[in-house]
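Chain residues, written in single-letter form:
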Amino acid sequence: MPELPEVETVRIGLARLLPGRQIAGVDFDWPKSFPNAAADVQKFLSGAEITGVERRAKVLIIGLSTDYSLVIHLKMTGQLVFRGADEQFGAGHPNQSLVGSLPDKSTRVTLIFIDGSRLFFNDQRKFGWMRLIPTPEVMNLDFFKKVGPEPLSADFTRQVLRERLLRRKNSNIKAALLDQTVLAGVGNIYADESLWGAKIHPATLVKGLAVRQFYNLYDELIFVLKLAIEKGGSTDKNYVNAEGKRGSYLSFARVFRREGQACPRCGTIILKTRVAGRGTHFCPNCQKLKPVS
DNA sequence: CACTTGACCTGTCCGC
DNA sequence: TGCGGACAGGTCAAGT
């Protein structure tokens, strides 16, 4: 669920809310959510000031004045929700909020700032994690060494997308788009949405795609990612931004979670199948599976 | 080596 | 109503 647009939306919110705040303490219980030893957490977090919030792929990097960074992956159900000291932790937000009283039973880590405000790391399914890493070593993490280019960076061109996808020429296009070593940040929602835009069947083999199709896919991918950031991401069940509010992209979605509805382009009923091990939505008329010639 | 599948988890929904 | 099982889908390890 949190894909590039959702993580970027959280980053924008945290970058506005956190820098300059000083950490007083941290509470955490589930060790896998924060694997650093408890002593290290207290030692390198307490007294640290937050210097900035960055994103690479679907990972958030919160910089600290101690030359350590908090590296966070939300995986499927992670949330990072900030509450100011003057906000009742138990009251929730009136406007489109999905989270109420905090901490709740999905809260894995709580950062407490000296001004009384708090940052809650909630994660229902416990797949996500937060790690304290010396800042110069962050990019040495295996994930960062392998991850592909940022699709919204200036040097990510149509040609680059085609070259990267062709690294998996024998895969279907959906599996290749989801492969984080091919390019960073695309997950199930935006893979389906961009393939619909480019009129490509998700099971099409990469080697069977024409150059023009790669370029169409590039245009649709960039369009969908930018629109999703504009809409604050997609909220299905869990995802919320740094203020606990929903994203609205799904009301603009063309195929994702719209099985049984009419394709907005041709009116054919949208199907849901399984491709690359994931639930996959597509229009059987606009996105035909052609044999490799 | 290229590629696919299963494990990690919990909550929800569906059929009986 | 209760209960088992399928499903949700990001990433890594294990399997083919």
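Our subject is the structure that appears above.
Because the structure is a prediction, the values reported are computed rather than measured.

Parameters at a glance
- Residues numbered from 1 in each chain as written.
- Chains lettered and ligands numbered in written order.
- Predicted model: local features only at pLDDT ≥ 70, side-chain atom pairs only at ≥ 80, totals over all residues.
- Heavy atoms only, no water.
- Pairing = 2+ DSSP bridges.
- Helix = DSSP H or I, 4+ residues; strand = E, 2+ residues; numbered from the N terminus.
- Axes fitted to C-alpha atoms, helices over the stretch in contact; angles between N-to-C directions.
- Buried < 20%, exposed > 50% of the residue type's maximum accessible area, 1.4 Å probe, protein only.
- Arc of directions from axis to C-beta.
- Contact = heavy atoms within 4.5 Å.
- Near = heavy atom within 4 Å.
- Polar contact = N/O pair within 3.5 Å; in protein donor to acceptor, adjacent residues only side chain to side chain.
- Nonpolar A, V, L, I, M, F, W, Y, C, P; charged D, E, K, R; others polar.

(A) Geometry of the sheet that holds strand β6 (residues 107-113). Spatially, the four strands line up as an open sheet ordered β1-β6-β7-β5, and their pairing is antiparallel. In the strand order of this sheet, the two ends are held by β1 (23-28) and β5 (78-83), each with one partner. Neighbour-to-neighbour, the strand axes of the sheet open up by a mean angle of 15°, direction not taken into account. Where β6 meets strand β7 (residues 118-123), five bridges bridge the pair, whose relative direction is antiparallel. Following the sheet pairing, Ile112 is matched in β7 by Arg118.

(B) The arrangement of helix α2 (residues 38-45) in detail. Restricting attention to buried positions, one finds in α2 the residues Val41, Phe44 and Leu45. The buried residues of α2 occupy an angular sector of 90° when the element is viewed end-on, so they sit on one face. Facing away from the buried side of α2 by more than 90 degrees, the exposed set consists of Ala39 and Lys43. Contact partners of the buried residues in α2: β1, β3 (59-64), β4 (68-73), β6 and β8 (129-134). One or two positions beyond α2, positive phi appears at Gly47, with a value near 90°.

(C) Geometry of the protein's contact with DNA strand B. Neighbouring DNA strand B are the residues Lys32, Lys105, Gln124, Arg125, Lys126, Phe127, Arg167, Arg168, Lys169, Asn170 and Ser171. A breakdown of the atoms of DNA strand B within 4 Å of the protein gives sugar and phosphate a share of 68%. Take Gln124: an N or O atom from its side chain is 3.3 Å from a sugar or linking oxygen of DNA strand B. In the environment of DNA strand B, a phosphate oxygen lies 2.9 Å from a nitrogen or oxygen atom belonging to the side chain of Lys126. Split into classes, the residues belonging to the surface near DNA strand B amount to one nonpolar, three polar and seven charged.

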